[in-house]
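# Examining the three-dimensional arrangement
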Amino acid sequence: MKLIDSLLHNIQYNKKNQFWLFFAILVFLTLFMVLCNGSSASYQGYDFYFHYRRLDVLIDAIKHGTFPNYIDYSNVDGYGYFTKGFYCDAILIPFALIGLFANTYIAYDIMIFTMTILCGIFTYHTVRIIYKSSYVALLAGILYTFAIYRLYDIYQRAALGEALSFTFLPLIFLGLYHIVKGDYKKWYILTIGYSLLVFTHVISSVLMFVTLLILLAVYYKPMLKEPKRIGYLFLAGLITIVVTAYYIFPVTEQLTSNTFLYSGAAKAGYGKVGFDLVFWGFVSGILYPYKAIWSGVGIILTLLIFLRFFIKGKKTEGLKSVDIGVVIGVCFIIASSRIFPWGTFPFSLIGFIQYPWRLYEFASCFFAVAGAYYLSLLFVKNKWRIIVFAIIIVATMVTTYMHSENYKYLYSVKALQIYEGDSDENPTFENRYHLIGGEYFPARILAIDYIYDRGEKVEFRNEDTGISNFERNYNVTSFDTEVHSIDSLVLPLLYYKGYSVTQNGLNLPVEQSSTGLIQIPVNKSGRVEAYYKGTTIQRVSFYISIISILALSIFIIWSKKKT
């Protein structure tokens, strides 16, 4: 008993020991999660192969020495797809390097494991600083990291961008806390967190921006009392734009130079759900609708929120803040339902988020922190706190296991597949090239079937024009032309700004055909070569991000030494 009491005493009064206890439990639960759900080579979620290809193409580009690359040259029967332009690969780079020495599946699994650990660490660190309690931080770190909706994003949906974005939400909230109430000279935490979020998932970045506006509207008084805090908020935003130039500027260039399928398909509230699914979301982790892919905040977080009714007469600043988070989380859940007016202004402005239930990510975060805080107020004695923590760990293991069983069941009945051949990692017409809705096809491509039916051919207008020796060599498409008069050729390449086409070494003007492909004029015979050279904005923005990241790092080191 004395040994146990001594151990508990060391943990209670030593912050390092508290962290290492949390870290050990975090690693254990992460391993449990991975073992329950199996490897990505064994089971694949709804969007898995789309993101698998993102990682695989990045690995391939590093091998060929063509990084930074923008086109998935091997996809769409060689027509190429501009995946990276809309889904930034910055966060994938460390794991792509691992993929150079292992296969893509292993690199993917290591990425999930690593980002889960980081999610827990960032949450623990953020909550401990804001709420000044290692116990609340420990509980919140477990509850948020293994929230059912996060597991749902990782496995059932395999929505990698959104799943990884969970990791950086705590950093953003910590950065905002410092600017609003804490040490505003640590404004760079907000920049770091938000930059990582932008590099991970742009839709989550938009929803985070909306969430920050709500929080700023609630906590505006400290900003007005010290206007310099407002200045640091804008400074953090400005530096974030510069740091993320690698993604923001190239994608803006593409969006302003062309129209894509997603812009015609995006409808506000497209993914609104009925109250039946909202209910299933509350009990997910234990119960799930039959053969339906769905989840929510989960049974643990739902039950913990009801603990608020047992807390009487403790009007602390911390309690007020978590209550506000719960109210926002409840509003977000309501916003995912059919009663919310997504089709009206101003909500229609963010219709491109497609699925309002993406807000469950933020509701899960608010509920996890609030649930942890409520437990800390209700159970003050060490003995009870240890028992409560043990119950949370066991409950987390149970819900993780039950969720994995639902995942494997949906996989077994092929509920996670939408097209024939979805279980094949190679992109084919049968599995729609693993592009889900093909949102980033040029809008002039009226149907994906057009590409498949057209095949690998170069179209021309003049009957006496000849095409021969057609080849595709990784990123270069080439062929010989025999031309007797001025002609216009349409190549089997999707049009994206940045393509370079030469004939006999001389540059040819590139334009978009009426069907969304590369079109070039020719007036003589010779060898034509086409490849994606990229744009000046892409090249400059890459170096802007690199330089700004180095400059920010130097500034942080300098400011810490100065302090």
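To be clear, the structure that these remarks concern was listed above.
Rules of the game
Residues numbered from 1 in each chain as written. Predicted model: local features only at pLDDT ≥ 70, side-chain atom pairs only at ≥ 80, totals over all residues. Heavy atoms only, no water. 1 Å grid on protein atoms, 1.4 Å probe; cavity = no way out; pocket = protein on both sides within 12 Å on 5 of 7 lines; lining within 4 Å. Points joined across faces, edges and corners; volume = space filled by probe spheres on them. Helix = DSSP H or I, 4+ residues; strand = E, 2+ residues; numbered from the N terminus. Nonpolar A, V, L, I, M, F, W, Y, C, P; charged D, E, K, R; others polar. Contact = heavy atoms within 4.5 Å. Expected span 1.5 Å × (residues − 1). Buried < 20%, exposed > 50% of the residue type's maximum accessible area, 1.4 Å probe, protein only. Arc of directions from axis to C-beta. Core = buried A, V, L, I, M, F, W, Y, C linked by side-chain atoms within 4.5 Å. Phe/Tyr/Trp six-rings, centres within 6.5 Å; stacked < 30°, edge-to-face > 60°. Lys NZ or Arg CZ within 6 Å of the ring centre and 35° of its normal. Salt bridge = Lys/Arg side-chain N within 4 Å of Asp/Glu carboxyl O.

### A look at the layout of surface pockets
Approximately 650 Å³ is the volume attributed to the second largest pocket. For the second largest pocket, the lining is made up of 24 residues, of which Ile130, Tyr131, Tyr177, Tyr219 and Ser321 are closest to its centre. Elements with a minimum of two residues in the lining of the second largest pocket: helix H6 (104-131), helix H10 (169-180), helix H19 (317-335) and helix H20 (360-378). Here the lining of the second largest pocket takes six residues from H19, the largest share from any one element. Among the residues making up the lining of the second largest pocket, the classes are represented as 17 nonpolar, five polar and two charged.

### Overview of the side chain of Ser321
With respect to the secondary-structure elements, Ser321 resides in helix H19. Sequence-distant contacts of Ser321, defined by excluding residues within four places in its chain, comprise Tyr131 and Tyr219.

### Re helix H14 (residues 228-243)
Over its 16 residues, H14 extends 22 Å from the first C-alpha to the last, a length consistent with the 22 Å expected when each residue adds 1.5 Å. Among the residues of H14, Arg229, Leu233, Ala236, Thr240 and Val243 are the ones counted as buried. Relative to the axis of H14, the buried residues are bounded by an arc of 95 degrees and lie together on one face. Structural note: H14 exposes Phe234 and Leu238 on the side pointing more than 90 degrees away from its buried face. Where H14 is buried, its residues meet H10, helix H11 (188-200), helix H12 (202-218), helix H13 (221-225), helix H15 (245-257) and helix H23 (536-562).

### Quick word on the nonpolar core
With 169 residues, the main nonpolar core has Val76, Met111, Met208, Tyr374, Leu491, Leu494 and Ile520 as its most contacted residues. With 14 residues, H20 is the single largest residue contributor to this core. In this view, Val76 contacts Tyr81, Tyr433, Leu435, Phe441, Ile451 and Leu494; residues no more than four positions away in its chain are not counted.

### Re the packing of aromatic side chains
Evaluation of the coordinates by the stated rule reveals 56 aromatic pairs. When the centroid spacing of 6.1 Å and the interplanar angle of 40 degrees are considered together, the rings of Tyr149 and Phe166 count as tilted. Of this pair, Tyr149 sits in helix H8 (residues 148-154) while Phe166 sits in the loop between helix H9 (160-165) and H10, and the two are 17 residues apart along the sequence. In this structure, Tyr149 and Phe166 share a single accessibility class: buried. Among the aromatic residues, those joined into a cluster by ring pairs are Phe50, Tyr70, Phe82, Phe86, Tyr87, Phe260, Tyr440, Tyr496, Tyr499 and Tyr532. Stacked on the ring of Tyr70, the Lys or Arg Lys84 has its end atom at 4.5 Å from the ring centre. We note Arg432 situated over the ring of Tyr419; from NZ or CZ to the ring centre the distance is 5.7 Å.

### Looking at the pattern of salt bridges
Considering all chains together, one arrives at 14 salt bridges under this definition. For Asp153, the salt bridge goes to Arg157, with nearest N and O atoms at 2.8 Å. Across this residue pair, the class does not change: Asp153 and Arg157 are buried. One salt bridge in this structure joins Arg157 and Glu162, with 3.2 Å as the shortest N-O distance. Comparing Arg157 with Glu162 shows no difference in burial state: the two are buried.

### Observations concerning empty space enclosed by the protein
Any empty space left between the atoms is revealed when a probe the size of a water molecule rolls over them. All told, the structure shown has seven cavities of 30 Å³ or more when counted by the stated rule. Per-element accounting of the lining of the largest cavity gives the leading share, three residues, to helix H3 (residues 48-64). Residue classes in the lining of the largest cavity are distributed as ten nonpolar, six polar and three charged. What the second largest cavity holds in volume is close to 120 Å³. Around the second largest cavity sit 14 residues that line it, and Arg54, Val57, Asn69, Thr83 and Lys84 are the ones nearest its centre. The element contributing the most residues to the lining of the second largest cavity is H3, with four residues. Of the residues assigned to the lining of the second largest cavity, the class counts are seven nonpolar, two polar and five charged.

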